[in-house]
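Spelled out from the first residue to the last, the chains are:
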Amino acid sequence: MSKPAAVLFAVATALPAAAHDAMPTAAQPNGWTYPFSCCSGMDCREIRDQAVLEGPRGYVIKLTGELIMPRDTRIKNSPDGQFHHCTVAGEPAGRTICLFVPPRSF
């Protein structure tokens with residue numbers, strides 16, 4: 001590796017990893033930060049409740065038909081009470097990385 005490439009590599013790997021923030025809502029007026037494990041700065045977005053079907057087998061993402069079972073580690077609690085969907089490369093029809101789910105009352 002050349003010296004300039006080694007320096008660039010050292011600087012790039014020394015920078016902190018950054019995630020991006022969810023938009024502010026009434027429940028979270030300052031927004032909140034998606035965990036890095038779910039996104040790389042562009043992969044997550046809020047989605048409407050109607051975009052997800054909740055049933056006894058889990059959550060179905062309507063756009064893709066993907067079923068995410070209730071005990072799947074990709075399911076996360078939503079801090080603002082809204083659904084948020086994190087997908088590969090941020091593509092709306094991409095494979096799910098994380099699904100933030102609003103709490104349900106019993």
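Our subject is the structure that appears above.
What comes next concerns the included structure. Every residue gets a number counted from 1 within its own chain, in the order that chain's sequence is written. The predicted nature of this model means local features are confined to residues of pLDDT at least 70 and side-chain atom pairs, given and counted, to a pLDDT of 80 or more, with totals for whole chains, interfaces and linings taken over all residues. Here the side-chain values reflect all heavy atoms present in the structure, with hydrogen atoms and water set aside.

## Examining the sheet that holds strand β3 (residues 44-47)
Applied cut-off: Pairing between two strands is assigned when DSSP locates at least 2 bridges connecting them. Where helices and strands are cited, they refer to DSSP runs of H or I of at least four residues and of E of at least two residues respectively, numbered from the N terminus. For helices, the fitted line uses only the C-alpha atoms of the stretch in contact; every axis is such a line through C-alpha atoms, and the angle between N-to-C directions lies from 0 to 180 degrees.
Pairing is mixed in the open sheet, where 4 strands are placed in the order β3-β8-β9-β7. Since the sheet does not close on itself, it has two edges, and those belong to β3 and β7 (75-77), each with one partner. Going from strand to strand, the sheet's axes swing by 25° on average, the running direction of each strand aside.

## Structural notes on the side chain of Thr87
Filter applied, for reference: Definition of a polar contact: a pair of N or O atoms within 3.5 Å, with one able to donate and the other able to accept a hydrogen when the atoms are protein atoms, and with sequence-neighbouring residues admitted only if both atoms are side-chain atoms. Any pair of residues with heavy atoms lying within 4.5 Å of one another is described as a contacting pair.
As for its position among the elements, Thr87 is in strand β8 (residues 83-87). Polar contacts involving the side chain of Thr87 include one to the main-chain carbonyl oxygen of Glu91, which spans 2.6 Å. For Thr87, the residues in contact, after removing those within four places along its chain, are Asp43, Arg45, Pro92, Gly94, Arg95, Thr96 and Ile97.

## Considerations on the packing of aromatic side chains
Test applied: Between the rings of Phe, Tyr and Trp (Trp by its six-membered ring), a pair exists once the centres lie within 6.5 Å; its type follows the angle of the planes, with under 30 degrees stacked, over 60 edge-to-face, and the other angles tilted. Each residue is assigned to one of three classes by its accessible area relative to the maximum for its type, calculated with a 1.4 Å probe on protein chains only: buried under 20%, partly exposed between the two thresholds, exposed over 50%.
Counted according to the given criterion, the structure contains 4 aromatic pairs. Considering the side-chain rings of Tyr34 and Phe100, the 5.8 Å spacing of their centres and the 55° angle between planes classify their relative orientation as tilted. Here Tyr34 is found in the loop between β2 (32-33) and β3, whereas its partner Phe100 is found in strand β9 (residues 96-101), with 66 residues between them in sequence. The residues Tyr34 and Phe100 share a single accessibility class, namely buried. Every member of this aromatic cluster is reached through a ring pair, and the members are Trp32, Tyr34 and Phe100.

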